[in-house]
Amino acid sequence: MQQNIRMDTEALSGKTVAEQLLEQLRIWGVKRMYGVVGDAILGLMDAIAKQDKIQFIAVKHESTAAMMASAEAKLTGGLGVCIATMGPGLGNLLNGLGDAYKDKASVLAITGQAPTDKIGTDYKQYVNQQELIKPLAQYSTLLAHPDAIIKVLNKAMHMSLVKGTVTHLSVPKDMFTRGTKAMPRPKPLLLKGTYHFEAEGLKQAIDIMNLAQRPMILAGVGARNAAKHVETLAEKWGAGLLVSLGAKTILPDTSPNLLGGIGQGGNPYAAQVFTQADVVLLIGDTWWPEGYVPQNARIIQIDYMQENIGKGIPIELGIVGDSATIVPLLVEGVQQSTHTTWKSQWQGMRQKWVQQNEQEGNQTGSPIHPSRIVRAIEKSVQPNAILTLDTGDVTVWMNRNFRSQQQEMLFSGEWRTMGFGLPAALAAKLCMPEKQVVAIVGDGGLEMVLADLLTATRYNLQITVIVFNNGYLQMERDKMIVSGFNQEGTDLTNPDFVTLAQACSWNGYRIDSDTKLEEILQQALASNRPALVEVLTAPVVHPETKG
């Protein structure tokens, strides 16, 4: 069959669908594609092998490929691309695509499909892939003619990048090797529209802010480009400043108005003042955790994407625009604070947590307390490191105790899939090889993607993986404990992580006492190969666990 396909291709003039697809991706700046080889995409793989502009990153599982594409999109703001075969290949992509969909990462999935004469039949692995991916992809189409490849590909890429969403192309197996008249197009120059504001245009917002007696600011990842202005506004307005996990690293922990995170794993005293706020300014944030937020405050929200305004939050006034443009105008217009009693109140909560956080990070013993591990990570990683977090117990402990120096942090925000930490670290190192990249994972999360330790080996990606090994799915165990449930299925059968890492040509380290914690972490971080550090971790119930 393959010989017939090859002869068919050679008989055609011009380029094939696969060749033009790759050239169009290159023009749009795509440098790599993540995936697993399968029968329905062999024609695409042949074209990839014949060029050297786009690198194919071969991973062990399609879910890893999609998580890597999502992590690349989150880190770079560009387009992440993953590929897979038909049927089970796409099925395996769905978990990582769910992460991109929920966190608004620009990801394009390209999958094979049954040959054109088998579509809709009982052909092996066939399924209507547009229906399968429908809940997660804003655009998905089947390539029905070779000359349509550039049009549908450009539509998919444009929609992904403009809307921050998942798109999908399903290409029949025989279509990849067919000739096409379609020619790649230059990438359009995209000038993002900005909303022009002057201080007078923000009068309604400023008037509300100037009436505040107990002001607070909650900043999300959308405040990153305005971080210093946010800090200035908080100081002038007399507001305490809280951040979502995604914004935890936009300001150093020493920032005087910064109370820390909100929600489970954040500053445990923050809710005591936040719930008393009478005016709240949300900047690039959609995180509004129930039980931690005020019920009757007047809420102003700034967001570049209009669809985020009022999303699950009872706002009074929404401002659509770039926080880097709007926040300086608010600084200019807001009155200098005279609310000394309120400021003393939230500063007292800040100082109380600063002291407690310091104490928590200095706990001793074996197995090692999670807070102590976080403190050692904090002391050991570089100020500009990229930290990738798995979902689970490590997330809430890092949110609680890690004091940022403005490191970059990648995690699965809304989808919250386990197994994200390692794939995100692999993608981050490929995108930014000059940066120190550290994955902070639980034993359960790592075990979901263990095979892709070999992906780091294959591509010589010098990442460091720190494993909190407590022998449990700890977050689920915690919830069972506080809910009074009988524990079932939370205990893990763990391998010897160090021996396993060494078998994959990694450097492996084990830490069972806090006395050498920083020393061994530094050795691992300085390694000339991928390094895994297994830390024997105390199975401590997180203090803010809810059933």
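Refer to the structure printed above.
Residues numbered from 1 in each chain as written. Predicted model: local features only at pLDDT ≥ 70, side-chain atom pairs only at ≥ 80, totals over all residues. Heavy atoms only, no water.

Engineer: Just checking my understanding: could you explain the sheet that holds strand β2 (residues 55–58) for this structure?
Structural biologist: The pairing of strands in a sheet happens through backbone hydrogen bonds and is either parallel or antiparallel. Read from one edge of the open sheet, six strands run β2-β1-β3-β4-β6-β5, paired in parallel fashion. Each edge of the sheet is formed by a strand with only one pairing partner; in this case those strands are β2 and β5 (139–142). Adjacent strand axes in the sheet meet at a mean angle of 20° when their direction is disregarded. When strand β1 (residues 32–35) meets strand β3 (residues 80–84), the two strands line up parallel, connected through two bridges. Across the sheet, residue Y34 finds its bridge partner in β3, namely C82. Each of β1, β2 and β3 touches helix α3 (residues 42–49); the most contacted strand, β3, lies at about 130° to it. (Pairing = 2+ DSSP bridges. Helix = DSSP H or I, 4+ residues; strand = E, 2+ residues; numbered from the N terminus. Axes fitted to C-alpha atoms, helices over the stretch in contact; angles between N-to-C directions. Contact = heavy atoms within 4.5 Å.)

Engineer: Looking at this model, I keep getting lost on the packing of helix α8 (residues 203–210) against helix α11 (residues 323–333). Mind explaining?
Structural biologist: The relative placement of two packed helices is expressed as an angle between their axes plus a distance between the axes. At a closest axis distance of 10 Å, the pairing of α8 and α11 adopts a crossing angle of 55°. The angle between α8 and α11 falls in the class oblique. You can see that α8 and α11 cross each other, and the crossing is right-handed. Together, I206, M209 and N210 of α8 and L329, L330 and G333 of α11 make up the contact between the two elements. Looking at side-chain class alone, the contact of α8 with α11 contains four nonpolar, two polar and no charged residues. (Parallel < 35°, antiparallel > 145°, perpendicular 65-115°, else oblique. Left-handed = near helix turned anticlockwise from the far one by under 90°. Nonpolar A, V, L, I, M, F, W, Y, C, P; charged D, E, K, R; others polar.)

Engineer: I'm lost on the nonpolar core in this one. Help?
Structural biologist: One broad trend across soluble globular proteins is that nonpolar side chains are buried collectively. Core analysis: the largest hydrophobic core is formed by 55 residues, its most contacted members being L97, I463 and W506. Those residues within four positions of W506 in sequence are excluded, and the remaining contacts are L422, L453, A456, T457, I463, V465, A501, R529, P530, A531 and L532. Formed by 35 residues, the second largest nonpolar core is a distinct cluster that contains A212, V243, V279 and V334. (Core = buried A, V, L, I, M, F, W, Y, C linked by side-chain atoms within 4.5 Å. Buried < 20%, exposed > 50% of the residue type's maximum accessible area, 1.4 Å probe, protein only.)

Engineer: Which parts of the structure should I look at to understand unusual backbone geometry?
Structural biologist: As a rule of thumb, non-glycine residues mostly have phi less than zero, and peptide bonds are mostly trans rather than cis. Of note, the bond from S366 into P367 is cis; its omega dihedral lies within 30 degrees of zero at -5°. Here P367 lies in the loop between α12 (340–360) and α13 (370–380). Backbone geometry at K104 places phi at a positive 60°, although glycine is not the residue there. With respect to the helices and strands, K104 occurs in the loop between α5 (88–102) and β4 (107–113). Accessibility expressed as a relative area gives 28% for K104, which makes it partly exposed.

Engineer: Please clarify how the sheet that holds strand β12 (residues 317–320) should be interpreted in this entry.
Structural biologist: Reading across from one edge, β9-β8-β7-β10-β11-β12 is the order of the six strands in this open sheet, with parallel pairing throughout. On the outer flanks of this sheet lie β9 (258–261) and β12, each paired with one strand and no other. Across the sheet, the mean angle from the axis of one strand to that of its neighbour is 20°, orientation sign disregarded. Taken together, the four bridges between strand β11 (residues 298–303) and β12 define a ladder with parallel strand orientation. By the bridge assignment for β12, D303 is matched with V320. Packed onto the sheet, helix α9 (residues 227–237) meets β7 (215–219), β8 (240–243) and β10 (279–283) and runs at close to 170° relative to β7. Most of the contacts of α11 go to β11, to which it runs at about 140°, and overall it touches β10, β11 and β12.

Engineer: How should I be thinking about α8 in this particular structure?
Structural biologist: Helical periodicity: at 3.6 residues per turn, an α-helix aligns residues three or four positions apart in one direction. For α8, the full list of buried residues reads A205, I206, I208 and M209. Viewed along the axis of α8, the buried residues span an arc of 160°, placing them on a single side of the element. (Arc of directions from axis to C-beta.)

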